[in-house]
Amino acid sequence: MGSYRGSCHCGTVTFRIDAEITELTTCDCSLCAKKNALMTKVHESALTITSGEQALTLYQWNTQRAKHYFCSRCGIYTFHRKRAAPDHYGVNIQCLDDFDHSKVPVRATEGANMTVVAPDPRPEWPGPRE
């Protein structure tokens, strides 16, 4: 099993993941597209925040199921609790120390067509409306 350490840009938030990284994903939802996210999926038991948890800022939108975490000091997206798999995190692999992602396959995932249930959704949030 692999073990990787990571952090935000300023180093306030540090974390470790204990998991094999066999696949990376992109997502075409409006948030992931704007943050240019390249992620790996890990079970919640594989992610440990080692410092700076109090500095994490939570961002939620639409269904409020996904929980996106950013460092409140430098603004870097570190990881998020996934909407479609709430017992997993999507981890920003660009935050991992000394991780070479060039040999790991990347799979595009679809988020843009997930249902938008917000009472007043922004027009740029694609997807079927309920």
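So, how was this worked out
- Residues numbered from 1 in each chain as written.
- Predicted model: local features only at pLDDT ≥ 70, side-chain atom pairs only at ≥ 80, totals over all residues.
- Heavy atoms only, no water.
- Helix = DSSP H or I, 4+ residues; strand = E, 2+ residues; numbered from the N terminus.
- Contact = heavy atoms within 4.5 Å.
- Pairing = 2+ DSSP bridges.
- Axes fitted to C-alpha atoms, helices over the stretch in contact; angles between N-to-C directions.
- Salt bridge = Lys/Arg side-chain N within 4 Å of Asp/Glu carboxyl O.
- Buried < 20%, exposed > 50% of the residue type's maximum accessible area, 1.4 Å probe, protein only.
- Polar contact = N/O pair within 3.5 Å; in protein donor to acceptor, adjacent residues only side chain to side chain.
- Lys, Arg positive; Asp, Glu negative; His and termini not counted.
- Core = buried A, V, L, I, M, F, W, Y, C linked by side-chain atoms within 4.5 Å.

1. Topic: the side chain of Thr 25
Phase 1 of the analysis: Within the secondary structure layout, Thr 25 lies in strand β3 (residues 24-27).
Phase 2 of the analysis: The residues contacting Thr 25, other than those within four sequence positions of it, are Ala 37, Leu 38, Met 39, Arg 107 and Thr 109.

2. Regarding the sheet that holds strand β1 (residues 3-7)
Phase 1 of the analysis: One open sheet holds the three strands; their spatial order is β1-β2-β5, and the pairing between them is antiparallel. Taken across any chain shown, the strands that pair with only one partner, and hence form the sheet edges, are β1 and β5 (47-51). Looking at each pair of strands side by side, their axes are set apart by 25° on average, direction ignored.
Phase 2 of the analysis: Relative to β5, strand β2 (residues 14-18) is paired through four bridges, and the arrangement is antiparallel. Looking across to β5, one finds that Phe 15 is bridged to Ile 49.

3. Observations concerning the pairing of β1
Phase 1 of the analysis: Looking at chain direction, β1 and β2 are connected through five bridges and run antiparallel. When the sheet's bridge partners are listed, Tyr 4 is paired in β2 with Ile 17.
Phase 2 of the analysis: Hairpin remark: β1 followed by β2, antiparallel, with six residues in the connecting loop; positive phi at Gly 11, about 85°.

4. A look at the pattern of salt bridges
Phase 1 of the analysis: Under the counting rule described, the total for this entry stands at three salt bridges.
Phase 2 of the analysis: The partner of Arg 107 in a salt bridge is Glu 23, and the shortest N-O contact between them spans 2.9 Å. With Arg 107 in strand β10 (residues 106-109) and Glu 23 in the loop between β2 and β3, the pair connects residues that are 84 residues apart, well separated along the chain.
Phase 3 of the analysis: Judged by relative accessible area, Arg 107 falls into the partly exposed class, the value being 42%.
Phase 4 of the analysis: Glu 23 gets classed as partly exposed once you look at its relative accessible area, which sits at 32%.
Phase 5 of the analysis: Between Glu 44 and Arg 81 there is a salt bridge; the shortest N-O distance is 2.7 Å. Here the residue Glu 44 occupies a position in the loop between β4 (39-43) and β5, and Arg 81 occupies one in strand β8 (residues 77-81), the gap between them amounting to 37 residues.
Phase 6 of the analysis: Here Glu 44 falls in the partly exposed class, since its relative accessible area comes to 34%.
Phase 7 of the analysis: For Arg 81, a relative accessible area of 19% gives the class buried.

5. Let's talk about the environment of Thr 40
Phase 1 of the analysis: Assignment of secondary structure puts Thr 40 in strand β4.
Phase 2 of the analysis: Separated by 50 residues in sequence, Thr 40 and Gly 90 place their C-alpha atoms 5.5 Å apart.
Phase 3 of the analysis: Not counting residues up to four positions away in its chain, the partners in contact with Thr 40 are Ile 17, Ile 21, Glu 23, Leu 24, Tyr 89, Gly 90, Val 91 and Ile 93.
Phase 4 of the analysis: Of the polar contacts made by the side chain of Thr 40, one reaches the backbone oxygen of Glu 23; its length is 3.2 Å.

6. Observations concerning the side chain of Lys 82
Phase 1 of the analysis: Topologically, Lys 82 is positioned in the loop between β8 and β9 (88-92).
Phase 2 of the analysis: Although Lys 82 is buried, it makes no salt bridge; Glu 23 carries the closest opposite charge, 9.1 Å away.

7. Some words on the nonpolar core
Phase 1 of the analysis: Phe 15, Ile 17, Ile 21, Val 42, Phe 79, Val 91 and Leu 96 are the most contacted members of the largest nonpolar core, which totals 24 residues.
Phase 2 of the analysis: When contributions to this core are tallied by element, the ones reaching two or more residues are β2, β7 (67-71) and β9.
Phase 3 of the analysis: Contacts of Val 91, omitting those with residues within four sequence positions, involve Phe 15, Ile 17, Leu 38, Met 39, Thr 40, Val 42, Tyr 77, Thr 78, Phe 79 and Leu 96.
Phase 4 of the analysis: In terms of nonpolar packing, the next biggest core, distinct from the first, is built from nine residues, Leu 31, Ala 37, Phe 70 and Tyr 77 among them.

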